[in-house]
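# Architecture and fold: a report
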Protein chains: 2
Amino acid sequence: MKRVGIKDVAREAGVSPTTVSLVLNGQSARIPDTTRDRVRRVATEIGYAPNSVARSLRTQRTHTIALISDRIATTPFAVEMVQAAQDVAREHGYLLLLVNTDGDHDVEREAVDALLSRQVDGMVYACMWSQVVDVPAGLPAGTVFLDGRPAGGGFPAVMPDDRAGAMAAVQELVDQGHTRIAYIDAGEEPVPIASRLRHEGYLEVLRRAGIEPDPSLRVEASITTAAGGVAAAGELLDRPPAQRPTAIFCFNDRVAMGAYRAARHRGLEIPTDLSVVGYDDQQFIAAELDPPLTTVALPHYEMGRWAMQVRLGVLAAPTENDGVHLMPCPLIRRESVAPPPAQHPAPAGDGE
Amino acid sequence: MKRVGIKDVAREAGVSPTTVSLVLNGQSARIPDTTRDRVRRVATEIGYAPNSVARSLRTQRTHTIALISDRIATTPFAVEMVQAAQDVAREHGYLLLLVNTDGDHDVEREAVDALLSRQVDGMVYACMWSQVVDVPAGLPAGTVFLDGRPAGGGFPAVMPDDRAGAMAAVQELVDQGHTRIAYIDAGEEPVPIASRLRHEGYLEVLRRAGIEPDPSLRVEASITTAAGGVAAAGELLDRPPAQRPTAIFCFNDRVAMGAYRAARHRGLEIPTDLSVVGYDDQQFIAAELDPPLTTVALPHYEMGRWAMQVRLGVLAAPTENDGVHLMPCPLIRRESVAPPPAQHPAPAGDGE
DNA sequence: TTGAAAGCGCTAACAC
DNA sequence: GTGTTAGCGCTTTCAA
């Protein structure tokens, strides 16, 4: 049983392959309805399905976009970027070729070559941690960077607006009356771009609020497990009252989870005794903590959409800011923030 | 600047395209070394890269496998299956086409057609929750089911061995001396296959241990959030001492997280006052709980590998058990299990 | 040992 | 309006 081809349809319908092609590709403006309908009917009757490979060879378009990512499994929210990219691709009749390189440059190179050889119509290069990344050799022009920026620029890129996100988080704390706000920063190599950006946002809000930043309030922690947060927050909470923070802004939700634990071990209630804000809005964590964690969401889905839309030409690539689009990170208010406890007065001279 | 093709290489090397093809495809057994080397040198010099589309049209093989999944973003461990499938594909020179259908049958149908039209060499159909699934129309023979089984059979499939996994979990509890072991089951529609299987495993272990199962010890909970676990475990823990369990086997880690919370609110220590075992070994949750949760791991990576290996013919499809392969779920021992507290004696007549 | 020629299934000039 | 023809870039008989 042979596959049915365009010739079979043509023969059955008593027309030429050209006519079939014209009809089936919507170019049937100049073809009478009777012919058109007959061709269509025959096509479905005999179960004709065009061979995309042949079409691609002829048209030089594969309707396929490749998504190259350095890692996909290590971070659970990464899937949202893939999901978004896939959704947009599908909306526009494209298919997604997924390649995972584990950050290995050789694999990356090979992947790019293989993809090029397959004539993909475009690529999106996704980094699962916001970073400046080396551009793989041979990466075609127009490739969109997702959650990372290419060293040297030259490609459109989308990243979370970590600075603004951090500002929203810290502002929330300031608005509640906190003045001693600690920042548990990422203490691991390589330091994520986000680390610097969020710290900047943190300082900026303090500055605007007229709060003198206390450098001792910025501590570093391992950000991969809650244990890092336990240690860092513990150190902060064990300080004498005057030097102790009343609120902690954490680099991510896992660190915040550790901060919760450190607080609990010391008999401190959240948010009455200590306010905590996280970052990431990590699925199954932020909302599930007790109390639910106020945090800043990373717009992975939106970034994924943006990247694919730009790659597909649906959205224009940004011309300003070196081609980098900053996606807003919304503050998610839950129940881990409250005004500071009364027994922690504002620094000397500022009391009522 | 035109793409360089096989003809260009042939011309530069002073041979025919046939020879180039032969050399570059390793069929060069009968071609003298000098010719071979020259062809290779010229090819790299002028940067020749074969056009896979043309090759596919000719050979009728695309070296592409499609992974269709009903949903990818909703469950964070799903990525491991995708990752595994991609890894295996790459190991064998294949690329992965990823399609997400959100469980929509129309989308599924369309996707299968599009994939067939693209001449993919095979498909893997992944379900993100172990279930019996309707086979999409037109799904080609040989498609492998991943984490789900096709209604009606007829396709190779791999699923977690939930029954054995549950047995390992409950056995762990029995070994520690527990006799009043509760099971917080999934209380949502549609009831996952895993629910029945794990309950069976639970009952089987009790039976073998000579423990009369107490039906009141099986309660249902919403399994999507920790809140469901809080309520179910709370109800269990508020019972009078004689009817209260000393250990809880939870349908998943999120429920276990809720059980932790319910216990803590009642001043109960884990594992001294209450032992808890989860299921899933969910990333960033199980290991991060305080104390770290003993649980059963879902072998997503292994299942993903298996599926792709079978699809690629590297592994033979199972002939027994209706083509379904059961992947072992290892017990991950952490710190949430201990012997029951002394004040809960074994049922009357069984004391020392 | 190498080359000529056919053709994978389709689309698009161009002719009629 | 519709058909003829010529490829897209490669592999693979078959012949030399």
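Residues numbered from 1 in each chain as written. Chains lettered and ligands numbered in written order. Predicted model: local features only at pLDDT ≥ 70, side-chain atom pairs only at ≥ 80, totals over all residues. Heavy atoms only, no water.

This brings us to the confidence of the model for chain A. Of the residues in chain A, 95% have a pLDDT of 70 or more, and the chain-wide mean is 91. Taken as a whole, residues 344-352 of chain A scores under 50 in pLDDT and shows five contacts with residues more than four places along the chain or in a different chain. (pLDDT = per-residue confidence, 0-100. Contact = heavy atoms within 4.5 Å.)

Turning our eyes to something else, we now look at helix H5 (residues 78-91) of chain A. When the terminal C-alpha atoms of H5(A) are compared, their 20 Å separation across 14 residues agrees well with the 20 Å that a helix rising 1.5 Å per residue should span. Every buried residue of H5(A) is listed here: Ala78(A), Val79(A), Met81(A), Val82(A), Gln83(A), Ala84(A), Ala85(A), Gln86(A), Asp87(A), Val88(A) and Ala89(A). (Helix = DSSP H or I, 4+ residues; strand = E, 2+ residues; numbered from the N terminus. Expected span 1.5 Å × (residues − 1). Buried < 20%, exposed > 50% of the residue type's maximum accessible area, 1.4 Å probe, protein only.)

Next up on the list: the nonpolar core. Of all hydrophobic cores here, the largest spans 104 residues; its most connected members are Ile184(A), Phe249(A), Ile184(B) and Phe249(B). Look past the residues within four positions of Phe249(B) in its chain and what remains in contact with it is Ala166(B), Ala169(B), Val170(B), Leu173(B), Ala182(B), Tyr183(B), Ile184(B), Arg198(B), Tyr202(B), Val277(B), Gly278(B) and Tyr279(B). Grouped together as the second largest cluster of nonpolar side chains are 52 residues, Leu96(A), Leu67(B), Tyr94(B) and Leu146(B) included. (Core = buried A, V, L, I, M, F, W, Y, C linked by side-chain atoms within 4.5 Å.)

On to the packing of aromatic side chains, then. Aromatic ring pairs are defined here through the distance separating the ring centres and the angle between the ring planes. Throughout the structure, instances matching the rule amount to ten aromatic pairs over all chains. For the pair Tyr183(B) and Phe249(B), a centre-to-centre distance of 5.3 Å together with 20° between the ring planes defines the contact as stacked. One end of the pair, Tyr183(B), is in strand S8 (residues 181-186); the other, Phe249(B), is in strand S10 (residues 247-250), and 66 residues separate them in sequence. Note on accessibility: Tyr183(B) and Phe249(B) belong to one class, buried. Each residue in the set Tyr183(A), Tyr202(A), Phe249(A) and Tyr279(A) is aromatic and connected to the rest through ring pairs, giving one cluster. (Phe/Tyr/Trp six-rings, centres within 6.5 Å; stacked < 30°, edge-to-face > 60°.)

Before going further, it helps to examine the relation of the copies chain B and chain A. Two copies of one chain are present, and they are related through a rotation about an axis combined with an axial shift. Superposing chain B onto chain A requires a rotation of 180° together with a translation of 0.0 Å along the rotation axis, leaving an RMSD of 0.1 Å. These values place the two chain copies in the arrangement generated by a two-fold rotation axis. Taken as a fraction of all interface residues of chain B, those also at the interface in chain A reach 100%, which identifies the copy contact as same-surface. (Least-squares fit on C-alpha atoms with pLDDT ≥ 70 in both.)

Moving on to the domain arrangement of chain A. Split into domains, chain A comes out as domain 1 (1-31), domain 2 (64-154) and domain 3 (162-300 + 331-342). Averaged C-alpha coordinates put domain 1 of chain A and domain 3 of chain A at centres separated by 65 Å. (Domains from an automatic or database assignment.)

Let us now look at the pattern of salt bridges. On inspection of all chains with the given rule, the structure shows 46 salt bridges over all chains. Asp185(A) is paired through a salt bridge with Arg218(A); the nearest N and O atoms lie 2.9 Å apart. With Asp185(A) in strand S8 (residues 181-186) and Arg218(A) in strand S9 (residues 218-221), this pair connects stretches of sequence that are 33 residues apart. Taking relative accessible area as the criterion, Asp185(A) reaches 2% and is therefore assigned buried. The class for Arg218(A) is partly exposed, based on a relative accessible area of 28%. Of the charged contacts, one joins Glu235(B) and Arg239(B) as a salt bridge, the two residues approaching to 3.1 Å between their closest N and O atoms. Glu235(B) gets classed as partly exposed once you look at its relative accessible area, which sits at 39%. It is possible to trace a salt-bridge network through shared partners that takes in Asp8(A), Arg11(A) and Glu12(A). (Salt bridge = Lys/Arg side-chain N within 4 Å of Asp/Glu carboxyl O.)

As a further point, take the protein's contact with DNA strand D. Neighbouring DNA strand D are 24 residues; Ser16(A), Thr18(A), Arg58(A), Ile6(B) and Arg58(B) lie closest to it. Sugar plus phosphate: this is where 65% of the atoms of DNA strand D within 4 Å of the protein reside. In the environment of DNA strand D, a phosphate oxygen lies 3.3 Å from a nitrogen or oxygen atom belonging to the side chain of Thr35(A). A total of four residues in the surface near DNA strand D trace back to one element, the largest contributor, which is helix H4 (residues 52-59) of chain B. Residues that form the surface near DNA strand D fall into these classes: eight nonpolar, twelve polar and four charged. (Near = heavy atom within 4 Å. Polar contact = N/O pair within 3.5 Å; in protein donor to acceptor, adjacent residues only side chain to side chain. Nonpolar A, V, L, I, M, F, W, Y, C, P; charged D, E, K, R; others polar.)

The environment of DNA strand C is formed by 23 residues, the closest being Ile6(A), Arg58(A), Ser16(B), Pro32(B) and Arg58(B). The contact atoms of DNA strand C, taken as those within 4 Å of the protein, divide so that sugar and phosphate hold 67%. For DNA strand C, a phosphate oxygen lies 3.2 Å from a polar atom in the side chain of Asn25(A). At a separation of 2.7 Å, a base nitrogen of DNA strand C approaches a polar side-chain atom of Thr18(B). Put simply, the parts of the chain that give the surface near DNA strand C at least two residues each are helix H2 (17-24) and helix H4 (52-59) of chain A together with helix H2 (17-24) and H4 of chain B. The element best represented in the surface near DNA strand C is H4(A), accounting for four residues. Of the residues in the surface near DNA strand C, the class split is eight nonpolar, eleven polar and four charged.

Residue and element names in this part refer to chain B. It is the contact of helix H9 (residues 226-237) with helix H10 (residues 253-265), at a shortest axis distance of 7 Å, that shows an interaxial angle of 50°. Our classification of the angle between H9 and H10 gives oblique. With respect to the hand of their crossing, H9 and H10 are arranged in right-handed fashion. Across the interface between the two elements, Ala226, Gly229, Val230, Ala233, Gly234 and Leu237 of H9 pack against Arg254, Val255, Met257, Gly258, Ala259, Arg261, Ala262 and Ala263 of H10. The residue makeup of the contact of H9 with H10, split by class, is nine nonpolar, three polar and two charged. (Axes fitted to C-alpha atoms, helices over the stretch in contact; angles between N-to-C directions. Parallel < 35°, antiparallel > 145°, perpendicular 65-115°, else oblique. Left-handed = near helix turned anticlockwise from the far one by under 90°.)

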